Amino acid sequence: MLICAGDIEQIKGATPIGVGLINSAINLTRLCIMNPPEFLLFVGTAGSYGKKEIFDIVESKVAANIEHSFLLNSAYTPLDNVVASSENVSRETIVNSSNYITKSEEMAKRYLKLNIDLENMEFFSVISVAKEFNIPVGGVFVVTNYCNKDAHKDFLANHKEAIERLEKYLENIYRGKR
């Protein structure tokens, strides 16, 4: 089953599950209880901490939930803050999820030092829910912006073209061409 955040992030053929960590977790849980899918593929946009380029399309099976306060050593968590849908993830792109968008290049560099390349608000919830229901899951993301002071402006400027490129990529996957 193809899923996306929804709202401004509507992807052709994808079921919207809500924006952010909480709404996506609630709605995806409801979906999995009522009509459990055989597989989940989350599709959407992502911000780059600097390594991935605008309009790059990236596949991942690993998500983190790391907040800036953790990187600044001013907070800790007793929870697992990295989840994966596969055992073999050594070369995977890690996608960080938070309800906040990074606007600091300094913070972006700190994520890169942890081998975290992208941020997307929902992916950590998606993998967490899928694992709870033993549903295979993956994500496909298109980069819309860098995580810097212009993040929101660039997201808005690049969003339409990014979604078009992502939909074309998905069409090629379903037709067997990459």
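Residues numbered from 1 in each chain as written. Predicted model: local features only at pLDDT ≥ 70, side-chain atom pairs only at ≥ 80, totals over all residues. Heavy atoms only, no water.

## Some thoughts on the packing of aromatic side chains
Now for step 1: Counted by the stated rule, this structure contains four aromatic pairs.
Now for step 2: Note on F123 and F141: the rings are 4.9 Å apart at their centroids and 80 degrees apart in plane angle, and the pair reads as edge-to-face. Pair noted here: F123 is in helix α4 (residues 123–132) and F141 is in strand β9 (residues 137–146), with a separation of 18 residues, a long-range link. Just as F123 is buried, F141 falls in that class too. (Phe/Tyr/Trp six-rings, centres within 6.5 Å; stacked < 30°, edge-to-face > 60°. Helix = DSSP H or I, 4+ residues; strand = E, 2+ residues; numbered from the N terminus. Buried < 20%, exposed > 50% of the residue type's maximum accessible area, 1.4 Å probe, protein only.)

## Concerning helix α1 (residues 20–34)
Now for step 1: For α1, which comprises 15 residues, the first-to-last C-alpha distance of 21 Å matches the rise-based estimate of 21 Å (1.5 Å per residue) to within 8%.
Now for step 2: Among all positions in α1, only G20, L21, S24, L28, L31 and C32 are buried. Down the axis of α1, the smallest arc covering the buried residues is 110 degrees, so these residues share one side. Among the exposed residues of α1, those oriented more than 90 degrees off its buried face are I22, I33 and M34.
Now for step 3: The inward-facing, buried residues of α1 contact β1 (2–4), β2 (15–16), β3 (40–48) and α4. (Expected span 1.5 Å × (residues − 1). Arc of directions from axis to C-beta. Contact = heavy atoms within 4.5 Å.)

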